[in-house]
Amino acid sequence: MEKILVCIKRVIDYNVKIRVKPDESGVVTEGVKMSINPFDEIALEEALRIKENGDAVEVVIVSIGPDDSQQQLRTGLAMGADRAILIKHDGEIEPLTVAKALSEIVEDENPGLIMMGKQAIDDDSSQTGQILAQLCDIPQATFASKVSIQEEKATVVREIDQGLETLEIDLPAIITTDLRLNEPRYVKLPDIMKAKKKVLDVIESGELKTDFSSSIEVINVTPPPPRESGVMVNDVEELVVALKEKGLLS
Amino acid sequence: MTKILVIAEHFDGEILSATSKTVNCASQISESIDILVLGDDSAVASQATTIDAVSNVLSISNEAFGYPVSSIMAPVVAEISSEYDYILLPSSTFGKDLAPRISAILDVNQVTDIMSVEEPRIFKRPIYAGNAIQTIKIAEGKKVLGTVRTASFKELGNSNSANLIETEMPSVNIPSHTRFIKIESEKTERPDLQVASIVISGGRGVGSAENFELLYQLADKLGASVGASRAAVDAGFVPNDMQVGQTGKIIAPDLYFAIGISGAIQHIAGIKDAGTIVAVNKDADAPIFEIADIGIVADLFEFIPQLTSKLD
């Protein structure tokens, strides 16, 4: 195929412990380390491997978000993507809107394969890939743990609740990636220097046809209710007594 | 009255408990609940008629539904749902794969992982792997499309006899671009992780695939299911479908044993709703003790045989 489009999202780094803002309007992002959504990083790694294997010519990455998302796109370019597109938009965006905006990019770029993470680790929605697949009227293979490309089709192993499912899908298609698919490469310093020279186009969200309004209103964001503090027991005897008291053992 | 359509999840000829749990969530919104069952015969649909709180079970039998493929099911669900105000699916890999395609066809925003119904249009859902809870409101007049976090809702009773309505396949285009090849499942005699009232999970501390045998023996004494942390799966001790956690299965058993599991955030996200959490770890500083209801600092290779023999 000619081109793979990989969608990446800027999120709070997965190692950061989340803090909810005192006014309950969201979580604290100021001064917090941001990264590429780890599932998207796996998607990009897979796309690069497909290209290195000779099954694709170009890997283009796209993101929607604030201007700072350029940092994550530069990281993606340093990993080996050829070109990047940022749809610049401030504020929260629902997956349906994201997918509509991405569908405009798909129309322009006409990729043979679209890849992204199975979900973003911030809103955990797990929707964008599937919505985009339906909007483009193409097949999807979500939660992929193995991908192989053959000419006009792909065979994908999916991690579903019942086990490992294998689907065959015609290209173009959307594949969303799960953790076990691969281990993304580390970026080396010379690659970061090279990435600075690569093309990164910025489009203002207002330039697209997509309407960025949403019918979902976030009322508040709160910390999860804490579990009541537990007790320590000294041996199996005491444990069995404690479980019997709770009626959990007969 | 507000009309709700629940999309049934079934596998291997059985309606899964996720369907009943989704109906439970629906029952907190309205009394008018129908289930849609897409299958290749109506036998599985008749099982759904016993689920309490359900008015009608709509059954569409078509060979296209021999195996669930979202791109085939989504246009059918979208067509049938025109009569309904709400469409709810379980937030399993089945529901997560299918619901967004319905969102695209109907042009309605989807709510993922409903964990509670505050008001008919106000829901709570976990974000950041359950480290924060978002309360959201769906605008009036809009169709509500959501997936239900099944760990947050109990299974309903089975004493109903809802109407079974054989429904005609709507005339929609059935795409041929997606072909099911095979599924590989680990067959086990033990109860399913998401259904079991007792779950025993092992972590990296278990040390090897062979050592998991200790957990299986204890599980069989208790009628429990066996799970694992991501570390144990990544180490190759057990297959991935045993993984409990944000990136595996999210479960809510009455009793949960975390054995040799340190308690990474991603694992805890999968067990937050468990009734009682028992942590067994030889490291007294392991973070799992912070969320455990009962903790015991012990070597699991001594602890498990002792507990197993106590249960004789």
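So, a few notes on the structure that sits alongside this text. (Residues numbered from 1 in each chain as written. Chains lettered and ligands numbered in written order. Predicted model: local features only at pLDDT ≥ 70, side-chain atom pairs only at ≥ 80, totals over all residues. Heavy atoms only, no water.)

**Remarks on the interface of chain A and chain B**
With 71 residues of chain A in contact, the opposing surface of chain B contributes 83 residues. Contact between chain A and chain B buries roughly 6,500 Å² in total, counting both sides, with carbon and sulfur atoms accounting for 54%. Per-residue buried area on chain A facing chain B is highest for Asp 161, Gln 162 and Arg 227 of chain A; these three make up 12% of the total on that side. On inspection of chain A and its partner chain B, the count reaches six salt bridges. Measuring nitrogen to oxygen at the nearest pair gives 3.3 Å for the salt bridge that ties Arg 158 of chain A to Asp 97 of chain B. There are 38 residue pairs in polar contact (both at pLDDT 80 or more) connecting chain A and chain B. For the side of chain A that touches chain B, the secondary structure elements donating two or more residues are α3 (95-109), α4 (128-135), β7 (140-150), β8 (153-160), β9 (163-170), β12 (216-222), β13 (231-233) and α6 (236-245) of chain A. Broken down by element, the side of chain A that touches chain B gets its largest block of residues, eight residues, from β9 of chain A. Each residue belonging to the side of chain A that touches chain B can be placed in one class, and the counts come to 34 nonpolar, 17 polar and 20 charged. As paired strands, β9 of chain A and strand β13 (residues 178-184) of chain B are joined by six bridges and run antiparallel to one another. For Thr 166 of chain A, the partnering residue across the bridge sits in β13 of chain B and is Lys 182 of chain B. (Contact = heavy atoms within 4.5 Å. Buried area = accessible area lost by both parts, 1.4 Å probe. Salt bridge = Lys/Arg side-chain N within 4 Å of Asp/Glu carboxyl O. Polar contact = N/O pair within 3.5 Å; in protein donor to acceptor, adjacent residues only side chain to side chain. Helix = DSSP H or I, 4+ residues; strand = E, 2+ residues; numbered from the N terminus. Nonpolar A, V, L, I, M, F, W, Y, C, P; charged D, E, K, R; others polar. Pairing = 2+ DSSP bridges.)

**Some remarks on the sheet that holds β13 of chain A**
Hydrogen bonds between backbone groups are what pair the strands of a sheet, and the pairing can be parallel or antiparallel. Pairing is parallel across the open sheet formed by six strands, whose spatial order is β13(A)-β18(B)-β17(B)-β16(B)-β14(B)-β15(B). Where the open sheet ends on each side, the last strands, each with one partner, are β13 of chain A together with β15 (225-228) of chain B. Along the sheet, successive strands turn relative to each other by an average axial angle of 20°, direction set aside. Pairing between strand β14 (residues 198-202) of chain B and β15 of chain B: four bridges, direction parallel. From the neighbouring strand, Ser 201 of chain B faces β15 of chain B, where its bridge partner is Gly 227 of chain B. Contacting β13 of chain A together with β16 (255-259), β17 (276-281) and β18 (294-297) of chain B, α6 of chain A crosses the sheet at an angle of about 170° to β18 of chain B. This element, helix α5 (residues 212-222) of chain B, spans β14, β15 and β16 of chain B of the sheet and lies at about 175° to β14 of chain B. (Axes fitted to C-alpha atoms, helices over the stretch in contact; angles between N-to-C directions.)

Shape is all these values report; function is a separate question.
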